Amino acid sequence: CGDSHTLVLTDAYTVLTCGYGSNGRLGHGDTMDKMRLQLVTPEYFGGAQIVLVAAGRLQSVAAGAGGGGVFTWGCGAQGCLGHNDEVDRLVPTQIVHETFGAVNTVLVAAGAAHTVAVSDDGMLWAWGYGAHGQLGLGDSMCRLIPTRAGSHELFGDLRVVMAACSDDYTLAVTEDCALWACGDGPHNSLPTFPAETLVMTRVDAQYFNDEKIVTVAGGADHSIALTQNGALYTWGTTGFGHNSTGLSSLPTCIAPHHIQGERVGRWHRLPLLCALAFAMGTHDRLGSSNLHTASAAANTMGCAYVMMPGDLVKRILETCQWCPHGRAGNLQGLRRLLGSGICELE
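Given the structure is predicted, the values throughout are model-derived calculations rather than measurements. (Residues numbered from 1 in each chain as written. Predicted model: local features only at pLDDT ≥ 70, side-chain atom pairs only at ≥ 80, totals over all residues. Heavy atoms only, no water.)

### A closer look at the overall build of the protein
Now for step 1: Across its full length, the protein holds six helices and 19 strands.
Now for step 2: The buried share of the protein, reckoned over its 346 residues, is 48%.
Now for step 3: The long-range share in the protein, meaning contacts at least 24 apart out of those at least 6 apart in sequence, stands at 47%.
Now for step 4: Per element, the accessible surface of the protein, about 15,600 Å² overall, is 55% carbon and sulfur. (Helix = DSSP H or I, 4+ residues; strand = E, 2+ residues; numbered from the N terminus. Buried < 20%, exposed > 50% of the residue type's maximum accessible area, 1.4 Å probe, protein only. Contact = heavy atoms within 4.5 Å. Areas by Shrake-Rupley, 256 points an atom, 1.4 Å probe, with all protein chains shown as cover.)

Next up, the structure:
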């Protein structure tokens, strides 16, 4: 969602939009508001299968599968559409493919007036409004085309897995589960950062109890990070999951009772055959017929799963195989947003 418009991606790879239509942000060829979701004409995407969408304040962005490219539309101010100009686009328009070189884009995100992308080689790209350093390019200049935000050396020879935008800053997660940030610190509360951080800078893991970060999200005035162990941290304008209000520059873990004691977890796919093999090897009803013999009892001593009820094994199978339904489970960008991108690179 943007400030006042919404993008929806279906499992048929089509895009629906609704909300305010000024600057053409809905992609229907006009600036009219739409009170209901309406299909964006698929031909605007040139036959590309759209696998991820993101909404900024006044702009929209979509990524195509494989070499499908990046499409942007809406307000072109400060170059946030990446077309080497500041012209509004009323329909999805592909960014010149050569801009990204020979790499494919797997994830896109949009801020108030800047846009970022992550390519399949683990590089971060940024363009648009850069006055607060949110592009991570070492200055406060705007960029009219996608520009690589440093190199692997900047991130300690690590690949970027996913990224997120707030109004005036950008967050990124690298393959070692570390959080990086750049942009406007005090206003949007980057942890202990100076006023404006012009390049991607690693956030000390101590602020997250030395836990590994798997995914992040940025709002207008606050940020959220999810750890590998299921802890949810927020910082910025407080009140987001906490009892207090005001401004907090330090990430604070949401108390379990605020989320009814549930663990917030990333998802990752366990192949069905692996889950089935696990169940068959640990439960006599599913394959092992001699678990009740003396030798089998000796061999399985200490195994917590031998006497597991059949219905519990069934639930384990179903849970291990869980992923977003339909084609969504095969979308790499979505998997990265949900925190599974780390384990896919391991």
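### A word on the packing of aromatic side chains
How two aromatic rings sit relative to each other is given by the distance of their centres and the angle of their planes.
Now for step 1: The tally for this structure, following the rule as stated, stands at seven aromatic pairs.
Now for step 2: Note on phenylalanine 45 and tryptophan 73: the rings are 6.0 Å apart at their centroids and 70 degrees apart in plane angle, and the pair reads as edge-to-face. Taken together, the positions of phenylalanine 45 in the loop between strand S3 (34–39) and strand S4 (50–55) and tryptophan 73 in strand S6 (residues 70–74) put the pair 28 residues apart, joining distant regions of the chain. This pair shows no difference in class: phenylalanine 45 is buried, exactly as tryptophan 73 is.
Now for step 3: Seen from their ring centres, phenylalanine 155 and tryptophan 180 are 5.0 Å apart, and the 65 degrees between their planes marks the pair as edge-to-face. You can see phenylalanine 155 sitting in the loop between strand S11 (143–148) and strand S12 (160–165) and its partner tryptophan 180 sitting in strand S14 (residues 179–184), a full 25 residues away along the chain. Exposure class is identical for phenylalanine 155 and tryptophan 180. Each is buried.
Now for step 4: Among the aromatic residues, those joined into a ring-pair cluster are Phe45, Phe71 and Trp73. (Phe/Tyr/Trp six-rings, centres within 6.5 Å; stacked < 30°, edge-to-face > 60°.)

### Describing the sheet that holds S4
Now for step 1: Pairing is antiparallel in the open sheet, where four strands are placed in the order S4-S5-S6-S7. Among the strands making up the open sheet, the edge pair consists of S4 and strand S7 (89–94). Each strand axis lies, on average, 15 degrees off the axis of its neighbour in the sheet, ignoring direction.
Now for step 2: In this structure, S4 lies alongside strand S5 (residues 59–64), joined through five bridges in antiparallel fashion. For alanine 54, the partnering residue across the bridge sits in S5 and is valine 61. (Pairing = 2+ DSSP bridges. Axes fitted to C-alpha atoms, helices over the stretch in contact; angles between N-to-C directions.)

### With respect to the sheet that holds strand S8 (residues 105–110)
Now for step 1: In space, the four strands of this open sheet follow the order S8-S9-S10-S11, with antiparallel pairing throughout. The sheet is open, and its two borders are formed by S8 and S11, each paired with just one other strand. Averaged over all neighbouring strand pairs, the angle between strand axes comes to 15 degrees, with direction disregarded.

### Notes on the state of the cysteines
Now for step 1: If you walk through the whole model with that rule in mind, you get zero disulfides.
Now for step 2: Considering cysteine sulfurs only, cysteine 18 is the nearest to cysteine 1, which forms no disulfide, with 8.1 Å between them.
Now for step 3: We note that cysteine 165 lacks a disulfide partner, and the nearest cysteine sulfur, in cysteine 182, lies 8.8 Å from it. (Disulfide = S-S within 2.5 Å.)

### Quick word on the pattern of salt bridges
Now for step 1: Summed over the entire model, instances satisfying the criterion amount to seven salt bridges.
Now for step 2: In this structure, arginine 57 engages aspartate 167 in a salt bridge whose closest nitrogen and oxygen atoms are separated by 2.6 Å. Taken together, the residues span a long stretch of sequence, with arginine 57 in the loop between S4 and S5 and aspartate 167 in the loop between S12 and strand S13 (169–174) at a distance of 110 residues.
Now for step 3: Judged by its relative accessible area of 33%, arginine 57 falls in the partly exposed class.
Now for step 4: In this structure, the salt-bridge partner of arginine 89 is aspartate 85, at a minimum N-O distance of 2.9 Å.
Now for step 5: By relative accessible area, which is 17% here, arginine 89 ends up buried.
Now for step 6: Overlapping salt bridges, with partners in common, bring together Asp3, Arg57 and Asp167 in one network. (Salt bridge = Lys/Arg side-chain N within 4 Å of Asp/Glu carboxyl O.)

### Observations concerning the side chain of histidine 5
Now for step 1: Assignment of secondary structure puts histidine 5 in strand S1 (residues 5–9).
Now for step 2: Polar side-chain contacts of histidine 5 include one of 3.0 Å to the side chain of serine 60.
Now for step 3: When near neighbours in sequence (up to four residues on either side) are disregarded, histidine 5 contacts Cys18, Gly19, Tyr20, Arg25, Leu26, Ala55, Gly56, Arg57, Gln59 and Ser60. (Polar contact = N/O pair within 3.5 Å; in protein donor to acceptor, adjacent residues only side chain to side chain.)

### A short note on unusual backbone geometry
Now for step 1: For asparagine 84, which is not glycine, the phi torsion reads 65 degrees and is therefore positive.
Now for step 2: For asparagine 84, a relative accessible area of 53% gives the class exposed.

### Regarding the environment of valine 161
Now for step 1: By the element assignment, valine 161 lies in strand S12.
Now for step 2: Overall, valine 161 belongs to the buried group, its relative accessible area being 1%.
Now for step 3: The spacing of valine 161 and valine 106 is 55 residues in sequence and 9.3 Å in space, taken between C-alpha atoms.

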